[in-house]
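A structural walkthrough
Read off the chains here:
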Amino acid sequence: MTEPIIVGNWKMNTNVSEAVHLAQQIRQAAEQSGVDHQCGIVLCPPFVNLSAVGNCLRGSTIALGAQNCWIEPYGAFTGEISAAMLRSVGCEFVIIGHSERRTIFHEDDALIRQKMLRAWEESLVPILCVGETLHERQLHRTWNVLESQLEQLLAIEERRNPWVCAYEPVWAIGTGIAAEPPQIEQAHAFLRALLDAHGCTHVPILYGGSITPTNAVALFSVPNVAGGLVGGASLNADSFVHIIAASIHARATNR
Ligand code: PGA
């Protein structure tokens with residue numbers, strides 16, 4: 001996929017008509033400004049809106065992604081959605097291990113590893129989220145946390161499948177307080193070295209957490225930042241396309 005990569009995580013927002021409207025607006029603005037051919041763009045609406053948004057994106061360069069999936073292909077798992085189902089509605093990507101899944105729904109690294117395997121089995125590109133809480137950062141445990149979140153995954157053979165890593169410090173998500181460029185630089189350098197040491201040189205590392213049109217150029221100019229995972233600001237087409245343009249600008253000027 002073309003880098004930079006900008007992923008819009010709509011979380012539990014939009015009903016079907018709002019989702020269609022937002023996807024149409026994003027597509028139109030991206031195509032009019034030409035950013036759609038200079039950047040990998042992924043939209044991750046809620047499950048129930050995937051088909052409708054997929055229809056809006058047909059014939060465009062914008063890819064469809066989901067926010068989660070279950071580890072089994074089908075069966076008695078009331079309330080869950082399988083990776084195969086996501087594939088069947090046109091998803092190419094799936095976010096795995098978002099901090100909201102880890103904290104609110106108690107997903108652990110073992111489950112997240114199984115989800116990664118299942119996504120690969122269905123030829124989805126998983127976007128694996130890692131990141132420390134404020135408490136862990138204050139205890140100087142950031143590197144241990146990042147390493148342990150990746151440990152089980154890096155130990156498995158299938159890691160050579162395509163995947164994307166997203167550094168999302170938990171304290172920066174939805175708080176309006178993005179990490180500072182030096183903090184991002186350190187974390188991305190750490191993750192890059194860890195991934196490279198395990199043969200994952202092909203895995204792009206995105207930053208996520210309170211990205212806005214205002215801070216986007218500064219955040220995307222940080223070394224080893226291959227794009228962004230955008231929550232709140234992806235719910236507004238102007239802001240989201242602004243962020244996409246900023247990522248392209250940052251890449252061009254930092255080459
Ligand atoms: P935010 O969310 O941009 O609203 O901070 C980012 C995310 O959760 O991926």
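For clarity, every value in this text was computed on a predicted model and none was experimentally measured.

This part is about the packing of helix H5 (residues 109-121) against helix H7 (residues 142-154). Axis separation between H5 and H7 bottoms out at 9 Å; the angle between their running directions is 45 degrees. It follows from the interaxial angle that H5 and H7 lie oblique. Considering only the axes of H5 and H7, their crossing is right-handed. Residues Asp109, Ala110, Arg113, Met116 and Trp120 of H5 pack against Ser148, Gln149, Gln152 and Leu153 of H7. In terms of residue class, the contact of H5 with H7 is built from four nonpolar, three polar and two charged.

Before going further, it helps to examine the side chain of Ser99. Tracing the chain through its elements places Ser99 in helix H4 (residues 99-104). Assessed through its relative accessible area of 10%, Ser99 is described here as buried. Setting aside anything within four residues of it in sequence, one finds Ser99 in contact with Ile104, Val170 and Ile173.

What follows covers the site of the ligand. For the ligand, the set of nearby residues contains 13 residues, the closest of which are Lys11, His98, Glu168, Gly174 and Ser210. Within the side chain of His98, one N or O atom sits 2.6 Å away from an oxygen atom of the ligand. At a separation of 2.6 Å, an oxygen atom of the ligand approaches a polar backbone atom of Gly174. Look at the ligand: alone it shows 280 Å² of surface, and the protein chains cover 95% of it. Across the shell around the ligand, the residue classes break down as four nonpolar, seven polar and two charged.

This next bit is on helix H1 (residues 16-33). A rise of 1.5 Å per residue sets the reference length of H1, with its 18 residues, at 26 Å; its end C-alpha atoms lie 26 Å apart and thus fit the reference within 8%. When we look at burial in H1, the residues that qualify are Ala19, Leu22, Ala23, Ile26, Arg27 and Ala30. One side of H1 carries all its buried residues, which in axial view fall inside an arc of 130 degrees. Looking at H1, the residues exposed on the side facing more than 90 degrees away from the buried face are Ser17 and Gln32. Of the surrounding elements, those touching the buried residues of H1 are strand E2 (40-44), helix H2 (50-57) and helix H10 (237-254). A distance of 3.1 Å separates the backbone nitrogen of Ser17 from a side-chain oxygen at the start of H1, and that oxygen is part of Asn15. The first or second residue beyond H1 is Gly34, which carries a positive phi of 80 degrees.

Rules behind the numbers
- Residues numbered from 1 in each chain as written.
- Predicted model: local features only at pLDDT ≥ 70, side-chain atom pairs only at ≥ 80, totals over all residues.
- Heavy atoms only, no water.
- Axes fitted to C-alpha atoms, helices over the stretch in contact; angles between N-to-C directions.
- Helix = DSSP H or I, 4+ residues; strand = E, 2+ residues; numbered from the N terminus.
- Parallel < 35°, antiparallel > 145°, perpendicular 65-115°, else oblique.
- Left-handed = near helix turned anticlockwise from the far one by under 90°.
- Contact = heavy atoms within 4.5 Å.
- Nonpolar A, V, L, I, M, F, W, Y, C, P; charged D, E, K, R; others polar.
- Buried < 20%, exposed > 50% of the residue type's maximum accessible area, 1.4 Å probe, protein only.
- Near = heavy atom within 4 Å.
- Polar contact = N/O pair within 3.5 Å; in protein donor to acceptor, adjacent residues only side chain to side chain.
- Areas by Shrake-Rupley, 256 points an atom, 1.4 Å probe, with all protein chains shown as cover.
- Expected span 1.5 Å × (residues − 1).
- Arc of directions from axis to C-beta.

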